[in-house]
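# Results of the structural survey
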Amino acid sequence: MDLRIFTEPQQGADYDTLLTVAKATEDLGFDAFFRSDHYLHMGSVSGLPGPTDAWITLAGLARETRRIRLGTLMTAATFRLPGVLAIQVAQVDRMSGGRVELGLGAAWFEAEHTAYGIPFPKEKFGRLKEQLDIVTGLWATEPGKTFSYDGRYYQLADSPALPKPAQRKVPVLIGGLGVKRTPRLAARHADEFNIPFASLADTEAQFGRVREAALEAGRDPGDLVYSNALVACVGKDDAEVARRAAAIGREVEELKENGLAGSPAEVVDKIGRYAELGSSRIYLQILDLHDLDHLELISSQVQSQLT
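Looking only at helices and strands, the protein chain has 11 helices and 12 strands in total. Its C-alpha radius of gyration of 19 Å places the protein chain within 12% of the 19 Å reference for a compact globule of 307 residues. In terms of its C-alpha atoms, the protein chain occupies a principal-axis envelope of roughly 60 × 45 × 35 Å. For the protein chain, the residues scored as buried account for 54% of the 307 residues in total. Taking the contacts inside the protein chain whose residues are at least 6 apart along the sequence as the reference set, 73% of them involve residues at least 24 apart. Computing the positive centroid from 34 side-chain charges and the negative centroid from 42, the protein chain places the two 6 Å apart.

What follows is the structure in structure tokens.
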């Protein structure tokens, strides 16, 4: 089981804070550092000092880390034109020596689009599909050849399809709980399918849909990595769990029901139940980015039991 650290910087984190967490992620033996792609905070937090851009952040971390994978859950397809996104991700991949992964989603948070003047079209899923076609098509185009695309939303003509990523193929993550289009899209494009904040029952059902879609597409369902993203709140005793839950404005029992909360033993047990459903990777949503002791505890007493 891979454990990855997943952050939500729009809730209030500057680059230096993210760098500190990324270096701790690397030093403590976690597999990867991922971040959300949002420009507006959610809930009652202030969001100060303001948002950081996902791919600018990852570019900086690419030069200041050496081992961990770096990526997004999920880059919003509405934020960037597909050709520009392909260039950005390829460049950051080269800057990192081939450690980047691209999670790409349709986008859902209308308020952040309004706040920063970003169009929020009604038909987003079709745009996401075309973005995936274009980004992966540009990367797959052989050097010296060109790429063209005539879609409903995007058109490219005779693109040199440069630059190329350092990796032969940048892993693409697709996720969500859509019951029809999402599994089909994952079967076509995804290297990894991720379910955010889902129960064991919902995870089992959605993984099953993705496996069925893969079979219908003529693909071995075992070719995909299946993963979950879950909020983490771990403590060495009940008091520490309660303190960490209070720090992020959540209730312990709710976190135990909907996330990974409790003692290390409780969390290991619940991760094991997700593993039984086929999950081989967990993204630990860390909401208090100043509590590095939390990461150390998870590394020493949870991760150590899963390797």
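Here the focus is the environment of Val84. Among the secondary structure elements, Val84 is positioned in helix α3 (residues 82-96). The class of Val84 is partly exposed, set by a relative accessible area of 40%. Counting along the chain gives 51 residues from Val84 to Val135, while the straight-line C-alpha distance between them is 9.0 Å.

Attention shifts here to the packing of helix α5 (residues 125-140) against helix α6 (residues 181-189). The contact between α5 and α6 brings their axes to 11 Å, and the two run at 5 degrees. By the angle class used here, α5 and α6 are roughly parallel. Of α6, the residues touching α5 (which contributes Phe125, Leu128, Lys129, Leu132, Asp133 and Thr136) are Arg181, Thr182, Leu185, Arg188 and His189. A per-class count over the contact of α5 with α6 returns four nonpolar, three polar and four charged.

Attention now goes to the pattern of salt bridges. Tallied over the entire structure, the rule returns 18 salt bridges. One connected set of salt bridges, linked through shared partners, spans Lys236, Glu240, Arg243, Arg244 and Asp291.

Right, let's talk about the pairing of strand β8 (residues 172-175) for a bit. On a regular strand, each side chain points to the face opposite its neighbour's, so the side chains alternate between the two faces of the sheet. Summarising the sheet, strand β5 (residues 100-105) and β8 pair through two bridges and their orientation is parallel. Opposite Leu102, over in β8, you have Val172 as the bridge partner. By the bridge criterion, three bridges tie β8 to strand β9 (residues 192-196) in an arrangement that is parallel. Its bridge partner being in β9, Leu173 is matched across the sheet by Glu192.

At their nearest, the axes of helix α1 (residues 15-27) and helix α2 (residues 54-64) sit 10 Å apart, and the two run at 45 degrees to each other. As far as their axial angle goes, α2 and α1 are oblique. For the pair α1 and α2, the sense of crossing is right-handed. Residue-level contacts link Tyr15, Leu18, Leu19, Ala22 and Lys23 of α1 to Thr57, Gly60, Leu61 and Glu64 of α2. Its residues placed into classes, the contact of α1 with α2 shows five nonpolar, two polar and two charged.

Next up on the list: the environment of Ala229. On the secondary structure map, Ala229 appears in strand β10 (residues 225-234). The class for Ala229 is buried, based on a relative accessible area of 1%. On a C-alpha basis, the gap between Ala229 and Ile282 in space is 5.8 Å, while along the polypeptide they are 53 residues apart.

This part covers the nonpolar core. Among the nonpolar cores identified, the biggest contains 69 residues, and Leu3, Trp55, Leu284, Ile298 and Val302 are the most heavily contacted of them. No other element matches the seven residues that α5 contributes to this core. The residues touching Ile298, leaving out its near neighbours within four places in the chain, are Leu3, Phe30, Ala232, Val234, Leu284, Ile286 and Gln303. In terms of nonpolar packing, the next biggest core, distinct from the first, is built from seven residues, Ala32, Phe34, Leu73 and Ala229 among them.

Rules behind the numbers
- Residues numbered from 1 in each chain as written.
- Predicted model: local features only at pLDDT ≥ 70, side-chain atom pairs only at ≥ 80, totals over all residues.
- Heavy atoms only, no water.
- Helix = DSSP H or I, 4+ residues; strand = E, 2+ residues; numbered from the N terminus.
- Rg over C-alpha atoms; globule rule 2.2 N^0.38 Å.
- Buried < 20%, exposed > 50% of the residue type's maximum accessible area, 1.4 Å probe, protein only.
- Contact = heavy atoms within 4.5 Å.
- Lys, Arg positive; Asp, Glu negative; His and termini not counted.
- Charge placed at Lys NZ, Arg CZ, Asp CG, Glu CD.
- Axes fitted to C-alpha atoms, helices over the stretch in contact; angles between N-to-C directions.
- Parallel < 35°, antiparallel > 145°, perpendicular 65-115°, else oblique.
- Nonpolar A, V, L, I, M, F, W, Y, C, P; charged D, E, K, R; others polar.
- Salt bridge = Lys/Arg side-chain N within 4 Å of Asp/Glu carboxyl O.
- Pairing = 2+ DSSP bridges.
- Left-handed = near helix turned anticlockwise from the far one by under 90°.
- Core = buried A, V, L, I, M, F, W, Y, C linked by side-chain atoms within 4.5 Å.

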